[in-house]
Amino acid sequence: MGEILRLRGPLACIVGARPNYMKMAPLVRAFGARSDLPGVVLVHTGQHYDVAMNERLFVDLDLPKPDMNLQVGSASHALQTAEIMRRFEPVLDELEPSCVVVVGDVNSTLACSLVASKKGTPIVHVEAGLRSFDRGMPEEINRLLTDQLADVLYTTERAAASNLAREGISADRIRFVGNVMIDSLLQHLKRAVSPLDTLVREGVGAAFLADQAGFGVVTLHRPSNVDQPESLREALVILRDVAARLPLIWPIHPRTRGNVDLFGLSSLLADARIALLPPQGYLETLGLLTNARLVLTDSGGIQEETTALAVPCLTMRDNTERPVTIEQGTNTLVGRNRDAVRTCVDEILRTGGKRGRVPELWDGRAAERIAFDLSRRLGQSARDAERVRA
Ligand code: UD1
C-alpha cells in the first residue's frame, strides 16, 4: 500500500456542493491537527454558489474559506463535469499535491478524480463503496467511477467493502472508518437553532406550530422526484396528505422550487399546512431534524442524520445506497407510494415509529481515524522512498 501515496505537496481537499461541506469540515480539522501530515489546500469547484447553499454552511461548520474557487456554476452534467476538469487541471499542476481528497458522490467528486488519475496523483475517496444499484441516479455513476479511480477508499458502513470487493478493488486500499457526516452532526448539535426561531426569522408565524402536535420536515431534490411534472405532482399530493395530519416544514432546494412553479403545481401547496422556507443553514437544519416527529426526504445525508438522531425517516425513493440506515436505523423506503406513506405516518404518530440504533463507528471520530491512517500510509511511503534512495 505504501507505494501508492507519495509525500510531496499539500493535501488537495475538494468541495463542490452542499453535502460535501459537512463531510470535509471534520477532515480539514483532523488533518490540521497532525504535524506528520502535509498542509491542506481547500479547493471549491463552485458547483454550488448561492449564499444559502454555500457560504452560510461554511460559517456554521467552521470550515475555512476555500483557498481557491473554480467558479464553475450550474450546467448540464456533461458541461459541469467537463468545466470542473478543465479548470482543475492547471490547479493540480501548480499544487503538485501528495494526494487529492474527495468526498461523497457529486459531480465535483468525479471530475476532480478523473483529472487526478490521468496526472498520476493519488486519490483518497471518503464515503466510498455506497451503491444504490440504480444507474439512473447521476450520483451512482459518480460513486462507481470515483471508486475505480481511487487509491485509498474510506467507508462508512460494512456493506461498502463487499460492494467494492465485487468491483475488483483490493482490500488493502479499503478502510472502514465510520461516518464523517456524523462527526459534524455530533460536534455541532449543541448549537442547533430552535425550529421556532427559524420559522419566525423566515416570517412564518409561531401559530404554525400552535397545535402542539409537533411537525414533520421535508427535503426533496432528486431528479427522479422533482424533474418531471407527474412525479413532482405525485410527491406534492403525498405531502398534502401528510400535512393534513401534521404540519410540515420544507426548506426547498432551488431546483425543486423552480420546478414547482414551472410545472404549474404551486396551487397544490397553497392551502396545505406546509411552511416553505429557503434553503437553511446547517445549524437551522440540525434544529429542524432533531425536533421533528418524522422526516420525509430523498437526500442521502439526511437518511444518515435521522438515523444518528433516532428520528423516523421516510425516504421517498425506491432504493438507498445506505442500507445500514434501514437495517439498523430509523429509515424506511416509501417511494412515492401514497398508501405506504399513510401507513408509516399512522404508525409514527401512534407509536413514535421505528426505534433503531446508531451504526458502528458513527461516533464522531471518523475524521480522526482517516487522518491517522493517511499519515501512516504517507509516512510508510516516505520511508520506502528513503530506503530506495539509500
Ligand atoms: C447536487 C448533487 C447532489 C446533491 C445536491 C445537494 C450532483 C450530480 N448532484 O445536486 O448529489 O445531493 O447537489 O444540493 O452533483 N442551483 C442554485 N444555486 C446553487 C446551486 C444550484 O440555484 O447554489 C440550482 C441551479 O438551477 C442548478 C440546479 O440548482 O441548475 C442544480 O444544481 P446542481 O449542482 O447541478 O445539482 P443539485 O441538484 O444541487
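Bear in mind the structure is a predicted one, so any value in this text is a computation, not a measurement.

Observations concerning the pattern of salt bridges
Thinking step 1. The full count for this structure, using the stated rule, is 35 salt bridges.
Thinking step 2. Taking the shortest distance from any N to any O, the salt bridge between E360 and R158 comes out at 2.7 Å. With E360 in the loop between helix 16 (338-351) and helix 17 (366-389) and R158 in the loop between strand 6 (152-155) and helix 6 (159-166), this residue pair connects regions lying 202 residues apart in the sequence.
Thinking step 3. You can call E360 partly exposed: its relative accessible area is 41%.
Thinking step 4. D373 is paired through a salt bridge with R376; the nearest N and O atoms lie 2.8 Å apart.

Side note on the packing of helix 1 (residues 18-32) against helix 17
Thinking step 1. Axis separation between helix 1 and helix 17 bottoms out at 8 Å; the angle between their running directions is 45°. Here helix 1 lies oblique to helix 17, going by the angle between them. Judged by the sense of rotation from one axis to the other, the crossing of helix 1 with helix 17 is right-handed. Within the contact between the two elements, helix 1 uses P26, L27, A30 and F31 and helix 17 uses A367, E368, I370, A371 and L374.
Thinking step 2. Looking at side-chain class alone, the contact of helix 1 with helix 17 contains eight nonpolar, no polar and one charged residues.

Description of the sheet that holds strand 8 (residues 216-219)
Thinking step 1. Here six strands make up an open sheet; going across it, the order is 10-9-8-11-12-13 and the pairing parallel. A strand with exactly one partner marks an edge of an open sheet, and here the two such strands are strand 10 (274-277) and strand 13 (331-333). Averaged over all pairs of adjacent strands, the angle between strand axes in this sheet comes to 20°, irrespective of strand direction.
Thinking step 2. In the packing of helix 10 (residues 229-243) onto the sheet, the strands contacted are strand 8, strand 9 (248-251), strand 10 and strand 11 (294-297), and the crossing angle to strand 9 comes to about 145°.

Details of the site of the ligand
Thinking step 1. In the neighbourhood of the ligand, 19 residues make up the surrounding shell, with Q47, H48, E139, H221 and R255 lying closest.
Thinking step 2. A distance of 2.9 Å is found between an oxygen atom of the ligand and a backbone nitrogen or oxygen belonging to Y49.
Thinking step 3. A distance of 2.9 Å is found between a nitrogen atom of the ligand and a side-chain nitrogen or oxygen belonging to D50.
Thinking step 4. Burial of the ligand by the protein amounts to 85% of the accessible area it has alone, namely 740 Å².

Details of helix 6
Thinking step 1. Buried residues of helix 6: A160, N163 and L164, and no others. All buried residues of helix 6 lie within an arc of 95° about the axis, which places them on one face of the element.
Thinking step 2. Among the structural elements, helix 5 (138-149), strand 6 and strand 7 (174-176) are those in contact with the buried residues of helix 6.
Thinking step 3. G168 occupies a position one or two residues after helix 6 and carries a positive phi of about 85°.

Reading guide: rules and limits
- Residues numbered from 1 in each chain as written.
- Predicted model: local features only at pLDDT ≥ 70, side-chain atom pairs only at ≥ 80, totals over all residues.
- Heavy atoms only, no water.
- Salt bridge = Lys/Arg side-chain N within 4 Å of Asp/Glu carboxyl O.
- Helix = DSSP H or I, 4+ residues; strand = E, 2+ residues; numbered from the N terminus.
- Buried < 20%, exposed > 50% of the residue type's maximum accessible area, 1.4 Å probe, protein only.
- Axes fitted to C-alpha atoms, helices over the stretch in contact; angles between N-to-C directions.
- Parallel < 35°, antiparallel > 145°, perpendicular 65-115°, else oblique.
- Left-handed = near helix turned anticlockwise from the far one by under 90°.
- Contact = heavy atoms within 4.5 Å.
- Nonpolar A, V, L, I, M, F, W, Y, C, P; charged D, E, K, R; others polar.
- Pairing = 2+ DSSP bridges.
- Near = heavy atom within 4 Å.
- Polar contact = N/O pair within 3.5 Å; in protein donor to acceptor, adjacent residues only side chain to side chain.
- Areas by Shrake-Rupley, 256 points an atom, 1.4 Å probe, with all protein chains shown as cover.
- Arc of directions from axis to C-beta.

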